[in-house]
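Structural description and commentary
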Amino acid sequence: MNSAPLVGLKVIELARILAGPWIGQTLADLGAEVIKIESPQGDDTRTWGPPFIERPDGECAAEKVAAYFHAANRGKTSVRCDFDNLEDLARLRALIAEADVVIENFKVGGLKKFSLDYESVAELNPRIVYASVTGFGQSGPRAKNPGYDFLIQGMCGIMDLTGDPGGEPQKVGVAWVDILTGLYGVIGIQAALAERERSGLGQHIDLALLDVGVAVLANQAMNYLAGGPVPRRMGNTHPNIVPYQVFPARDGHLIVACGNDRQFAALCGMLGLDGVSDHPAYATNSARVENREVLSDLLAEKTRQRPKEELIAGLEKAGVPGGPINTVAEAINDPQIQARGLRIDPQGMPGLRTPIRLSRSPLVLDRAAPVLGSGSWEFSEISEGETR
């Protein structure tokens, strides 16, 4: 039987809240042994409810753990560690000496007094891959400032791009920067592990929420860097593509996303707008961008006359990308998501899997988030013959 791709990798997680734990959870789903080191009180997100989740097996029934914690800590083992206890610190350092990866999200310099900073850990274990997650990185004028996702969303520009042009700036509905930083953290760790196979040495990975938030502005940043105007909020329309937006239906709203001229012509045909796709004002995307308001009104006049399900079916038949605007419940219960097996219930606890499918290597998805302190300081060893 094929094993998960990261089986044999030992990860020590000195992280809490979301970005760092998201790295750990993703590595755990991929098969790594992830040991979450928690303060005696536990990760803050254990209390970030309601809602709270009760374990179906009755284990630690007195422990009331928020759903938020379960969203980012599946597949790990939890060990309590008091950094003011010298015995606990000695045990932790011994664990790190045999580990492959450390993930931490303390303030810059916050672990140095415990000899858990990268330089100290690298002396103990030169092969360690050590990922630090902070708001602003290990250098620069804001390096020592605390950073939270909401704050970073405001600073990185995404909130100024999100929301109605006439309303206030809007944050994304999940901790968008934290999640993306977690994913970049996984990429950085895997890259450092690959490089370690050549050099025999680990290295320090410096991850900053603000770096990530700015880096993923993608085409909006390039529009500005290419000499265009400063991008601003456009609601549900797209700065570079028309029509690519929300349209009204008789009974709600739907999305239409035309990525090329063929799709636009098919949309016009479906809506009975003969001759529009050939009109010089609309025949090319650049022309449609110049005339977006008039065209959008023309299309909306047609879509609002028909029910959204009929419109969506017509778009599908015509080969035009389009679809509904689902609630979270509708998205999770969509037949496509069900067919893909995205929802899982490890040990009777609900969750959503890491959305990676490998042709030979299955993910490890049968382990729920851990009870606080349920692990001991004794952990499984790397099996004989596996390299570190």
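Preceding block: the structure.
This text gives an overview of the structure that appears in the document. (Residues numbered from 1 in each chain as written. Predicted model: local features only at pLDDT ≥ 70, side-chain atom pairs only at ≥ 80, totals over all residues. Heavy atoms only, no water.)

Observations concerning the pattern of salt bridges
Where we set the bar: Salt bridge, as applied in this entry: a Lys or Arg side-chain nitrogen positioned within 4 Å of an Asp or Glu carboxyl oxygen. Counting from the N terminus, the helices are DSSP H or I runs at least four residues long and the strands are E runs at least two residues long. Burial classification: accessible surface area is computed with a 1.4 Å probe over protein chains only, and a residue below 20% of its type maximum counts as buried, one above 50% as exposed, and the rest as partly exposed.
Considering all chains together, one arrives at 13 salt bridges under this definition. The partner of Glu13 in a salt bridge is Lys36, with the nearest N and O atoms 2.6 Å apart. Residue Glu13 is found in strand E1 (residues 10–14), and its partner Lys36 is found in strand E2 (residues 33–38); the two are separated by 23 residues along the sequence. With relative accessibility at 0%, the residue Glu13 sits in the buried group. Salt-bridge contacts for Lys112 lead to Asp117; the nearest nitrogen and oxygen are separated by 3.9 Å. Overlapping salt bridges bring together Glu13, Lys36, Asp43 and Lys76 as one network.

Quick look at the sheet that holds strand E9 (residues 244–249)
Here is the rule: Each pair of strands is called paired provided DSSP finds at least two bridges between the two strands. Two residues qualify as a contact provided that any one of their heavy atoms is within 4.5 Å of a heavy atom in the partner residue. Every axis in this analysis is a line fitted to C-alpha atoms, fitted for helices over the stretch in contact. Angles between the N-to-C directions lie between 0 and 180 degrees.
What the three strands build is an open sheet, ordered E9-E10-E11; its pairing is antiparallel. Two strands lie at the open edges of the sheet, namely E9 and strand E11 (322–323), each paired on one side alone. Pairing of strand E10 (residues 252–257) with E11 involves two bridges; the strand directions are antiparallel. Pairing of Val256 across the sheet is with Gly322, part of E11. The sheet contacts of helix H12 (residues 308–318) involve E9, E10 and E11, and relative to E10 the element is tilted by about 15°.

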